[in-house]
Amino acid sequence: MKNKTSIVILAAGKGSRMKSNKAKVLHDICGKPMLYHIINASKEISDDITVVIAHQKEAVKEQMQRYFDDINFVVQDADNFPGTGGAMKGITPKNDKVLVLNGDMPLINSDALEGFLTTDADIIMSIFDLEDPDGYGRVKIVDNQVEYIVEQKDATSEELNITHVNAGIYAFKKSVLEKYIPLLDNNNAQEEYYLTDIIAMAKKDSLIIKPLLVDEEHFKGINSKKDLADSEVIMQDRIKTRWMREGVIMQLPQTIYIEDDVEFEGECIIENGCRITGKSKIINSHIKAHSIIEDSIVKDSDVGPLAHLRPLSDITDTHIGNFVEVKKSTLKGVKAGHLSYIGDASVDEGTNVGAGFITCNYDGINKYKTIIGKNVFIGSDTQAVAPVTIEDDVIVAAGTTITSGTIESGSLVLSRVKLKKIAGFFYKFFKVKS
Ligand code: UD1
Ligand code: CA
């Protein structure tokens, strides 16, 4: 199928209903901009993809170029020709069959797009039936024939009751676009050039228009932040279902958030309330309730409950308990059971990190490293004011603040204020009898 179809994705609109400073198509869904997901699905069936941009065009282009290097960008003359029809002006697809996609439908996948390639017609348009058609263009069907599409803002009260809506993906013969795009006008409530007006014109000229019945699960359009959240639930469900089928155990999966690029391998258990993002990879590990893992690798380990692995943590064969935060650190064969901040550090095999250990990695200007060797016993309530190196086989006594550079192998390091005991002070201070 590839190479036979050109795809045009309309991504130039403001998206005013999102009530956001960010262009609509750049809003994230499962960790990636919604436009990313649409291009990604499109690439599976086409080598000729054009994205129409205008609003925040530099940002949209720049963000997409981080992921794709073979997309054509065309800038819409949105001042003179606003609207989805205006967006199609001056587009020169390579192939005779052209799929046009709205840029706000990230739930689309290549299987759903292939539905447009199997039938032949001058125009194939996607339709679904909704109990609440609010926001969508209504499709007037008479005797099983599509007559026209009317936008909500232009619809009569009778038309507003129509429950067949335009899902927003069309397949056109290139000649149809070439003929009708120049004929569109903006005589409507929004004073925009509507791509959807092609339908009525083509119908008048007796072209073959075929409706393709589609499902909301793949064709839902995003106009508001509520739509964004609803669509994310659907995409989350897909991501988690895929991984559960691959053998990952998830407890209360509806409470777990896993981004698109996360990977699992081997036997993994993810408890309720976890959030795993970025390019994290979890291998043979147990992630306990309400832990957050960002762009990190966890192998043969258990993490949480309530732990936070920030980006670039590399955790192997390690136990991380509650209220432990790790950032950009490598832990291998370590136990860090409670209440710690381990940042810009490496901690080696057999080392025990006591409750309340903190790497003081930042002096307000620069960040410094803490290197901890093998079999180190770090007592509770201790700090390493980085840069610090603790060699193998060291005992760090509870309450110690390490400020010097290197603690040599085999040592005990201890910094404590001498304990004072003042007998009877309590009774004197609170003026009570013993
Ligand atoms: C559009 C359809 C509507 C359909 C709905 C499906 C039209 C006129 N209406 O309405 O029938 O039910 O999609 O989701 O097409 N865009 C541009 N340039 C513009 C305006 C919009 O590129 O000047 C892009 C937007 O970035 C967006 C897409 O086109 O990705 C759709 O625009 P939007 O304003 O969301 O259209 P709807 O009102 O939802
Ligand atoms: Ca829309």
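Above this text is the structure in question.
**Student:** Looking at this structure, how should I read the overall build of the protein chain?
**Tutor:** Secondary structure assignment for the protein chain yields nine helices and 37 strands. In terms of overall dimensions, the protein chain is more spread out than a globule: its C-alpha atoms have a radius of gyration of 30 Å, far above the 22 Å expected for 434 residues. Its C-alpha atoms give the protein chain principal-axis dimensions of roughly 100 × 55 × 40 Å. Each of the 434 residues in the protein chain was classed as buried or not, and the buried ones make up 47%. Sequence-distant contacts in the protein chain: of pairs separated by 6 or more residues, those separated by 24 or more amount to 43%. Summed over its atoms, the accessible surface of the protein chain is roughly 21600 Å², and 50% of this surface lies on carbon and sulfur atoms. Looking at the protein chain, you have 51 positive and 63 negative side-chain charges, and the mean spots of the two groups are 7 Å apart.

**Student:** How should I be thinking about the nonpolar core in this particular structure?
**Tutor:** Nonpolar side chains in soluble globular proteins tend to end up buried together. Membership of the largest hydrophobic core comes to 90 residues, with the highest contact counts inside it found for Val51, Phe219 and Phe264. Leave out the neighbours within four places in its chain, and Phe264 touches Trp243, Val248, Ile258, Ile270, Ile276 and Ile282. Ranked by size, the runner-up nonpolar core spans 29 residues in total, among them Val139, Leu177, Leu195 and Ile209.

**Student:** In this structure, what is going on with the coordination of the calcium ion (ligand 2)? I would like to understand it.
**Tutor:** Angles between donor atoms at a metal ideally measure 109.5 degrees for a four-coordinate tetrahedral arrangement and either 90 or 180 degrees for a six-coordinate octahedral one. In the first shell of the calcium ion (ligand 2), the protein supplies Asp104 (OD) and Asn223 (OD1), at 2.2 to 2.5 Å from the metal. Of this pair, Asp104 sits in the loop between β6 (97-102) and α3 (110-118) while Asn223 is found in the loop between α7 (216-219) and α8 (225-245), placing the two residues 119 residues apart along the sequence. Comparing Asp104 with Asn223 shows no difference in burial state: the two are buried.

**Student:** Quick question: what am I supposed to make of the pattern of salt bridges here?
**Tutor:** Pairing is possible between side chains of opposite charge, provided their charged atoms come close. Applying the stated criterion across every chain, the model contains 19 salt bridges. Its salt-bridge partner being Asp227, residue Lys220 comes within 3.5 Å of it at the nearest N-O pair. Across this residue pair, the class does not change: Lys220 and Asp227 are buried.

**Student:** What should I look at first to understand the site of ligand 1 in this one?
**Tutor:** Around ligand 1 lies a shell of 24 residues, among which Leu10, Gly83, Thr84, Glu151 and Asn166 are the nearest. In the model, an oxygen atom of ligand 1 is placed 3.0 Å from a nitrogen or oxygen of the Lys24 side chain. At 2.7 Å, a backbone N or O of Gly83 approaches an oxygen atom of ligand 1. Its free accessible area being 760 Å², ligand 1 has 90% of it covered by the protein chains. Looking at the shell around ligand 1 element by element, the count peaks at three residues for strand β10 (residues 164-173). Considered class by class, the residues forming the shell around ligand 1 number nine nonpolar, eleven polar and four charged.

**Student:** It is not clear to me how the packing of aromatic side chains should be interpreted in this structure. Could you clarify?
**Tutor:** What characterises a pair of aromatic rings is the spacing of the ring centres plus the angle enclosed by the ring planes. What the rule picks out here adds up to twelve aromatic pairs. Relative to Phe68, the ring of Tyr36 has its centre 5.4 Å away and its plane inclined at 20 degrees; by these criteria the two rings are stacked. Placement of the pair is Tyr36 in helix α1 (residues 34-43) and Phe68 in the loop between α2 (57-65) and β5 (72-75), with a sequence separation of 32 residues. Comparing Tyr36 with Phe68, the two get one shared label, buried. Note on Tyr170 and Phe172: the rings are 5.6 Å apart at their centroids and 25 degrees apart in plane angle, and the pair reads as stacked. Three or more aromatic residues joined by ring pairs make a cluster, and in this case those are Phe425, Phe426, Tyr427, Phe429 and Phe430. Its end group placed over the ring of Phe81, Lys89 keeps NZ or CZ at 4.7 Å from the ring centre.

**Student:** Would you mind going over the pairing of β6 with me for this structure?
**Tutor:** Along any regular strand the residues' side chains alternate between the sheet's two faces. In terms of burial, β6 is largely enclosed, as six of its six residues are buried. Of the two faces of β6, both are covered, the one formed by Lys97, Leu99 and Leu101 as well as the one formed by Val98, Val100 and Asn102. Relative to β6, strand β1 (residues 5-10) runs parallel, the two sharing six bridges. Bridged to Ile9 within β6 is Leu101. The sheet contact formed by β6 and β10 spans five bridges and is antiparallel. Residue Leu99 lies in a different strand from β10, and its bridge partner there is Ala171.

**Student:** Just to check I follow, could you spell out α3 for this structure?
**Tutor:** Helical geometry note: an α-helix holds 3.6 residues per turn, so side chains three or four residues apart project in the same direction. Buried residues of α3: Ser110, Ala112, Leu113, Phe116 and Leu117, and no others. Each buried residue of α3 lies within a common arc of 165 degrees when the element is viewed along its axis, so the set occupies one face. Summarising the geometry of α3, the exposed residues directed more than 90 degrees from the buried face are Asp111 and Thr118.

**Student:** Honestly, unusual backbone geometry in this entry has me stumped. Any pointers?
**Tutor:** For residues other than glycine, phi is negative in most cases, and the peptide bonds are mostly trans. For the bond running from Gly304 to Pro305, omega is 5 degrees, close enough to zero to count as cis. That bond from Ala386 to Pro387 is cis: its omega, 5 degrees, falls within 30 degrees of zero. Within the secondary structure, Pro387 is located in the loop between β32 (383-385) and β33 (388-390). One non-glycine residue, Asn144, adopts positive backbone phi at about 65 degrees. Relative to the helices and strands, Asn144 resides in the loop between β8 (138-142) and β9 (145-150). Backbone geometry places His290, a non-glycine residue, at a positive phi of 60 degrees. In this structure, His290 sits in the loop between β18 (286-287) and β19 (292-294). Under the relative-accessibility criterion, His290 is labelled partly exposed at 44%.

Analysis parameters
Residues numbered from 1 in each chain as written. Chains lettered and ligands numbered in written order. Predicted model: local features only at pLDDT ≥ 70, side-chain atom pairs only at ≥ 80, totals over all residues. Heavy atoms only, no water. Helix = DSSP H or I, 4+ residues; strand = E, 2+ residues; numbered from the N terminus. Rg over C-alpha atoms; globule rule 2.2 N^0.38 Å. Buried < 20%, exposed > 50% of the residue type's maximum accessible area, 1.4 Å probe, protein only. Contact = heavy atoms within 4.5 Å. Areas by Shrake-Rupley, 256 points an atom, 1.4 Å probe, with all protein chains shown as cover. Lys, Arg positive; Asp, Glu negative; His and termini not counted. Charge placed at Lys NZ, Arg CZ, Asp CG, Glu CD. Core = buried A, V, L, I, M, F, W, Y, C linked by side-chain atoms within 4.5 Å. Donors = N, O, S within 2.8 Å, 3.2 Å for Na, K, Ca; no water. Salt bridge = Lys/Arg side-chain N within 4 Å of Asp/Glu carboxyl O. Near = heavy atom within 4 Å. Polar contact = N/O pair within 3.5 Å; in protein donor to acceptor, adjacent residues only side chain to side chain. Nonpolar A, V, L, I, M, F, W, Y, C, P; charged D, E, K, R; others polar. Phe/Tyr/Trp six-rings, centres within 6.5 Å; stacked < 30°, edge-to-face > 60°. Lys NZ or Arg CZ within 6 Å of the ring centre and 35° of its normal. Pairing = 2+ DSSP bridges. Arc of directions from axis to C-beta.

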